[in-house]
Amino acid sequence: MSRTAVPEQPVGSLGDAWRRCVGTGRLALALRQDYQESLALAQREIGFRHIRGHGLLTDDVGIHRPYDVAGHAGTRYATTYLDQVVDAYLSLGIKPFVELGFMPRALASGEKTVFWWQGNVTPPADHREWAALVRAVVGHLVDRYGLEEVRTWPIEVWNEPNLPEFWSGTQEDYFRLYETTALAVKEVDASLQVGGPGLAPGDHGWWAPFAERVAARDLPADFVSFHAYTTGPAQHVPFGVYQTLRRPESLLEQFAAPAKELAGTALAGLPLHVTEFSSSYRPDNPVHDTAYQAAYLAPVLASGGELVDSFSYWTFSDVFEEQGVPTSIFHGGFGMLTHRQVRKPVYHLYAFMARMGDAVLARGADHLVTRDEATGRVTVLAWQPVGGTDDPVEPERHQVALSVPLGSPTGGVPASAVPTSGTAYVHRSRVNEHDGNAWSAWRQMGRPASPRPRQLDALHEASAPARSHETLPVVRGRVELDLTLARHEVTLLEIDPVVDETPDWLDDGRILGRGPYGG
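Residues numbered from 1 in each chain as written. Predicted model: local features only at pLDDT ≥ 70, side-chain atom pairs only at ≥ 80, totals over all residues. Heavy atoms only, no water.

**Q** Describe the overall build of the protein, and please don't skip the residues or the numbers.
**A** Looking only at helices and strands, one finds eleven helices and 25 strands in the protein. In terms of overall dimensions, the protein is globule-like: its C-alpha atoms have a radius of gyration of 25 Å, near the 24 Å expected for 519 residues. Referenced to the eigenvectors of the C-alpha coordinate spread, the extents of the protein come out at roughly 100 × 55 × 45 Å. Partitioning the contacts of the protein with sequence separation of at least 6, the portion at a separation of at least 24 is 75%. About 21,900 Å² of surface is accessible on the protein, with carbon and sulfur atoms providing 50% of the total. Counting 45 positive and 63 negative side-chain charges, the protein places the averaged centre of each group 3 Å from the other. (Helix = DSSP H or I, 4+ residues; strand = E, 2+ residues; numbered from the N terminus. Rg over C-alpha atoms; globule rule 2.2 N^0.38 Å. Contact = heavy atoms within 4.5 Å. Areas by Shrake-Rupley, 256 points an atom, 1.4 Å probe, with all protein chains shown as cover. Lys, Arg positive; Asp, Glu negative; His and termini not counted. Charge placed at Lys NZ, Arg CZ, Asp CG, Glu CD.)

**Q** Requested: an account of the sheet that holds strand β18 (residues 359-363), with residues and values cited.
**A** Strand order in the open sheet formed by seven strands is β2-β18-β19-β20-β25-β22-β23, with antiparallel pairing between adjacent strands. The two strands at the open ends of the sheet, each matched to only one other strand, are β2 (12-13) and β23 (466-473). Inspection of the sheet shows strand β19 (residues 367-371) paired to strand β20 (residues 378-383) by five bridges, in the antiparallel sense. Within β20, the position partnered with V369 by the bridge is V380. Across the sheet, helix α8 (residues 291-303) lies against β18, β19, β20 and β25 (490-497), angled at about 135° from β20, the strand it touches most. Strands β19, β20, β22 (423-431), β23 and β25 of the sheet are contacted by helix α9 (residues 345-354), whose axis makes an angle of about 150° with β22. (Pairing = 2+ DSSP bridges. Axes fitted to C-alpha atoms, helices over the stretch in contact; angles between N-to-C directions.)

**Q** Got a sec to walk through the packing of helix α1 (residues 33-45) against α9? Specific residues and values, please.
**A** With their axes 9 Å apart at the nearest point, α1 and α9 run at an angle of 35° to one another. Here L41, A42 and E45 of α1 lie close against α9, whose contacting residues are Y347, A351 and A354. Here the contact of α1 with α9 is built from residues that sort into five nonpolar, no polar and one charged. (Nonpolar A, V, L, I, M, F, W, Y, C, P; charged D, E, K, R; others polar.)

**Q** Which residues make up the side chain of H127, and what are the values?
**A** Structurally, H127 is set in helix α3 (residues 127-145). Since its relative accessible area comes to 13%, H127 is described here as buried. Discounting chain neighbours no more than four positions away, the residues touching H127 are R176, L177 and T180. (Buried < 20%, exposed > 50% of the residue type's maximum accessible area, 1.4 Å probe, protein only.)

Take a look at the structure:
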């Protein structure tokens, strides 16, 4: 097969759009120990910047508390749980991406709800009271955490109002809600970021009217937000679904679409935030648990930052209850981590990305090559391309051949220090249908719904990526890589020049006492 020669000079930067935000189950779940342990793990190994979830204003967080008792009437804004959640986030180095929703029951205009936990999706019965709630919540956040900090938290108005499941009102009702909310946020401070509309995929008929309303009413809009998924209608089975899957390029096409829709409007050029994305929009689709999911999303993480300012994986953890309490540790949940922090293959994709450099040397259909400009370390992310339901089944093996430049002639390593010969140390980590695949191990165990301690230990061990290492020759400043990837594999190579510090008196051939003095 032909070999791809990776250029020495960067062709771009990787940026952090791929980890600028991550999704979460409803905010009240952040009070759970399992949730916080999972988020702490993700922050240690990946390091997300913001976190977004539903349910900030629903009754289980308990902020909106009207009262009429013993001659005293009014509304109290209780932040007991809110403060615990945000304090926990900030202690783990992650900021809220604030989603304002759903409707508190005492402020709702109707009874329609969504999800097992019954988030109310009706417009407010009183827009003045809704504005007061928004001002109270945002004002409290500013008072507690400081304006300089809260300015860095985007504030999104509602979630997927173009779907009747998430908004019982009309488009006009949402535009009124957006106006009330955006103005209330800016009343707290004009420098706070507010935006929306958090659209579900495929409904382009909202962009032009939304832009026209913003322009006509001179409304604040600091960013636009939307979602991207690629699966078809749900094919239901007990406690799960199966779905068809479009090609992963569809996600990138969805990322690019709003900028085209908004060209020439009042919203043109604003930051674009994909506040949810994945393959399936269902929290009970087993594709989420597979190595296929990692291979499927690898090209999206490699290139998505060229199209949008952030794209938020939905979600970091299976501590998530939209369809009820999960019935099994692996249940097709949205998360990168199961309950009890068993890592899925897609988690490792993100952890691999976190170990890559900032300068992009090459992007291809099956690889991303970066260099850390501070150290000269070269990293290669490679994957087996997958294509969705209508593509042929992927072969058992995929070959990647690259010629990679060693060191950094423009970065922190002087050109004189870059070896043109010698050897390079290559450290490889990989996940596929077998390696780093706890879901595969769990199936072989007989799919225990609630694994016993020994089984859980085995799943944690099975979830670790396979590691290998070797030295390769450096020829004219380059390393030739011939990679064989297993089915649905994602692999990371970290490449450093070898500086041999072996003392001349050491002889590994004599470790067992054999040799000149061993007899």
